[in-house]
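# Structural description and commentary
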Amino acid sequence: MTSRSLLLVACLCASTFSNAQKKGKKAPQVQPPLAVADTVKPKKPATPPGITDKVKSSRKNEGLFTIFQDTATGSVQLYVRKEQLGKEYIYQSFSINGPNALFLNQSMHRSNFVFTIKKSFDRLELSRVNTNFYYDSTNAVSKSKDADKPEAIVLSEKVAAEDSSGYLIAADGLFLSEKMDPVKPAAQPSFFSMPSFNLGSLNPMKSRYAAVRSFPNNTDVVVDLAYDNPMAFVSGGPDITDARYVRVRMQHSLMEMPQNDFTPRSDDPRVGYFTQTVNDQTSIKATPYKDMINRWYLKKKDPTAAVSEPVEPIVFWIENTTPKEYRQVIMEAGLKWNAAFEKAGFKNAVEMKIMPDTATWDPADIRYNVIRWVASASPSYGAIGPSFVNPRTGQILGADITVEWASGSGTPNIAELLTAEKPKAAFENHIKAIPESHTANCAIAGELQAQMVSASTALEAMDASPAEIGDMHQQFLTYLIMHEMGHTLGLNHNMKASQMWSPKEINNKELTRKYGLIGSVMDYPAVNVSADRKKQGDYYTTLAGPYDEWAIQYGYASFAAGNEEEGLKKILSRSTDPKLVFGNDGDDMRSPGKAIDPRVNVNDLSSDAMAYAEERFKLVNNLMPKLVAKYSKPGQSYQELRVRYNALQNQRFNMIAAISRYVGGVYVDRSFPDQQSKNKPFTPVSLAQQKRAISLLNKYVFAPSAFAADAPVFAYLQLQRRGFNQPATGEDFKVTGIMLNQQLNGALAHIFHPLTLQRMTNTRMYGNQYSVAAMMQDVTAGIFAADLKGNVNVYRQNLQTAYVQGLKGIVEDRMSYDDIAKAAAFHTLRKIKNQLATAVSTNEETKAHRASLMFQIDKALEIK
Ligand SMILES: [Zn+2]
């Protein structure tokens, strides 16, 4: 899907060659350059060698495309039948084994496009087809459908031999190359960027074929592409044996365009599917979209039955790499999707099978959908659920799920969750927060493992039994597998689904076992741990929620001919039901400054995320003093303690993010006018809620005692020495860096982001009652008031300095902040100066701190 959007970036460079090359037929009759021997002694050309001659030392792989592989050299030739010329086929590439750092891990789904093969003079040309547009053929402008869409010729190869039914071409240049998939990422030269791990150049001499499989509907060619990089400056991770020599295993799959009565289903903004983006170039609508959702081809065995088994179910194989103790849970998790399909009219739509150890089929064979486990050296995800599709229709043709051992089993073996380095001080450094984009891949790994480790830490610190922790893990695994399967069914994320229950309802198992803990398994919620063990409900959701059932209904319900539009409209009319709320990655507020609706977020929970967050702060503060005793284990170092401490800090960070997004927030309603929602499309968050957010941050994040509970832990936060691995910055834990990271990157980066401040001012015109100046007054009180009459502790000194520097940055900024924000910052600095002038400092440290603040404010206020 990302590669499709790249296609849209059409090159506008005028080319004098383009007309001559258009479609080949207009090209002048230029003879191809003659070989030297021919020019010396012109003679009647010899009869070209027959195909039999050319393939006599080859093994024949017959199937969709017949491939001849030389048994001595391994070299491959492709036989294209005449009736295949001009037809559309689907290409999909997969990485099977390669550096994780370059996302070439096992079963990453990569290039996906439609291609055709055409004959041009004595050559065969393989070209990509642009599937981004639709033209109504009854409209005359459709005759121009090829205009301004330059062809993409992937390969042009001279016909080596032909017979009455087809042509033979050499195909090493196609398969032992990057022509169809740019395996090596394009270098992004930047003067400032650090050198990163890099494959170097493809060496065809060291590349080879690993397998050729041809079936009636698909041909798979597995290749080992060898890369040499004699000047490897960066050695890569421990998975890289020698950075100078890396061989990447890739699979090229050529597939027949499905011949069936699958009908594309249109996309809708109120429900979250992955899509194929198509523009209707002959439409006069404001939204000329003919986007299609990605979905499997499910057809009822009995079309007249309300609920019927499908002709072909969606079959998943649990690969034999899956730990035996988890197989049953995974099996049951997958089958739980069937409840959602029943609401869409299908019984037993999903089948789960276990791959026996004696199986002779290869899980990389695209005809099998597998759930597999890996234990990578440096996992780049926790779990992913990619699928591949027919770009013409959105029909899902296959899918795989990969679970990383560390995430799936929730081990407390996790990289540092929070940077210990002092974050950049001025707010404007956060302007460039990059929104994460999601395709069918799911980065749930890190987030989920962090949640799981936090939860097990909390439970252990509260003396939960191993059986209780085991139950939690089982719920976690069920949720994880259901989430990834949801992706393979076409669903994208729903980061609003965790809003379904109130903080009181969330621990009511009667509700959560019936409807789910959250509205959809497609969210990344905070793990539900109750501070009161007696009230503990479900930790994770373990069934398809109301949104999931509804979304599956939208994507898979079948309708009698002519009734689809009305039927879908009826399903969509329910989008205003609070249990069906939806917001995907484009809407979520995970990064500072990104998106606008605070209810669409990761790592939050309940319809009152602020109340939930306050409970979580209290829980973390209660658990901190217990950590040292709990994780001072005989026979092991303090490294686990450090991981557990970071996990709890991470919980704080998530809660800070959840709360801060209410400041300047706007609730979004995507329903259409005919649904008569009570809400307008945009409703600013109320004054009371915004002030509540600031007061929670003041209390739990900015206050002089905010991190008091952590004090007993600091002196124990030691990593285990391994060789000479002590960090260059020293092995002591960077306590103040962690605090400032919470305060600055967690809270202030968002509420002082230029987009947030701009929005606060813009929304004043339609309901927002909280001005930027008033908000700054409230934050200033939280950051300065408590210790004005006395000395300032270390992390308050850092916070106050960073805050003044941030305000100074706004006053001096010439690019991003509007004048209203600048005025408010100017005014705030003046007030801080007045307050500091009367502050009481008795120790030298506080005197130095305040003198420095006064100096910086004076400098800022001089700016005209
Ligand atoms: Zn996901």
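Computed from a predicted structure; not experimentally measured. (Residues numbered from 1 in each chain as written. Predicted model: local features only at pLDDT ≥ 70, side-chain atom pairs only at ≥ 80, totals over all residues. Heavy atoms only, no water.)

Summed over all chains, the structure comprises 24 aromatic pairs. Measuring from ring centre to ring centre gives 5.3 Å for phenylalanine 94 and phenylalanine 388, while their planes differ by 80 degrees; the resulting arrangement is edge-to-face. With phenylalanine 94 in strand β4 (residues 88–97) and phenylalanine 388 in strand β21 (residues 387–389), the pair connects residues that are 294 residues apart, well separated along the chain. Each member of the pair, phenylalanine 94 as well as phenylalanine 388, is classed as buried. Seen in terms of ring centroids, tyrosine 326 and tryptophan 405 are 6.5 Å apart; in terms of plane orientation they differ by 35 degrees. Their pairing is tilted. Linking tyrosine 326 in helix α6 (residues 324–335) with tryptophan 405 in helix α8 (residues 405–408), this pair joins segments that are 79 residues apart in sequence. In this structure, lysine 149 packs its charged tip against the face of phenylalanine 133, placed 5.0 Å from the ring centre. One Lys or Arg, lysine 579, reaches over the ring of tyrosine 515 and ends 5.3 Å from the middle of that ring. (Phe/Tyr/Trp six-rings, centres within 6.5 Å; stacked < 30°, edge-to-face > 60°. Helix = DSSP H or I, 4+ residues; strand = E, 2+ residues; numbered from the N terminus. Buried < 20%, exposed > 50% of the residue type's maximum accessible area, 1.4 Å probe, protein only. Lys NZ or Arg CZ within 6 Å of the ring centre and 35° of its normal.)

All right, on to the environment of arginine 244 then. Take arginine 244: it is sitting in the loop between β12 (218–228) and β13 (245–256). Its relative accessible area of 37% is what places arginine 244 among the partly exposed residues. Taking C-alpha positions, arginine 244 is 7.7 Å from tyrosine 227, a pair spaced 17 residues apart along the chain.

This paragraph deals with the pattern of salt bridges. Taken as a whole, this structure holds 41 salt bridges when the rule is applied. Between lysine 808 and glutamate 812 there is a salt bridge, with the nearest N and O atoms lying 3.4 Å from each other. Of this pair, lysine 808 and glutamate 812 both sit in helix α21 (residues 794–812), separated by 4 residues, roughly a single helical turn. Lysine 808 gets classed as buried once you look at its relative accessible area, which sits at 17%. Among the charged side chains, a salt-bridge network with shared partners connects Glu460, Lys633, Glu640 and Arg644. (Salt bridge = Lys/Arg side-chain N within 4 Å of Asp/Glu carboxyl O.)

Along the chain, tyrosine 770 falls in the loop between α19 (754–762) and α20 (772–784). With 79 residues separating them in the primary sequence, tyrosine 770 and lysine 691 have C-alpha atoms 8.1 Å apart. Within the structure, the side chain of tyrosine 770 is placed 2.5 Å from the side chain of aspartate 778, a separation counted as a polar contact. (Polar contact = N/O pair within 3.5 Å; in protein donor to acceptor, adjacent residues only side chain to side chain.)

Right, let's talk about helix α17 (residues 687–702) for a bit. For α17, the complete set of buried residues consists of Gln690, Ala693, Ile694, Leu696, Leu697, Asn698, Tyr700, Val701 and Phe702. In this fold, the buried residues of α17 make contact with α14 (609–623), α16 (639–660), α18 (735–751), α19, α20 and α21. (Contact = heavy atoms within 4.5 Å.)

Our focus in this paragraph is α18. In this model, α18 (17 residues) spans 24 Å end to end at C-alpha, consistent with the 24 Å of a helix rising 1.5 Å per residue. Of all bends in α18, the biggest is about 30 degrees, found at asparagine 741. Of all the 17 residues making up α18, 15 are buried; the element is thus mostly covered by neighbouring parts of the structure. (Expected span 1.5 Å × (residues − 1). Bend = angle between axes of the 7 residues up to and from the residue.)

Looking now at a nonpolar patch on the surface. Where nonpolar side chains cluster on the molecular surface, the patch consists of Phe682, Met765 and Tyr766 and spans about 370 Å² of accessible area. The exposed category is assigned to methionine 765, whose relative accessible area is 73%. (Patch = residues over 30% accessible without salt bridge, like charges linked within 9 Å, V, L, I, M, F, W, Y side chains within 5 Å. Areas by Shrake-Rupley, 256 points an atom, 1.4 Å probe, with all protein chains shown as cover.)

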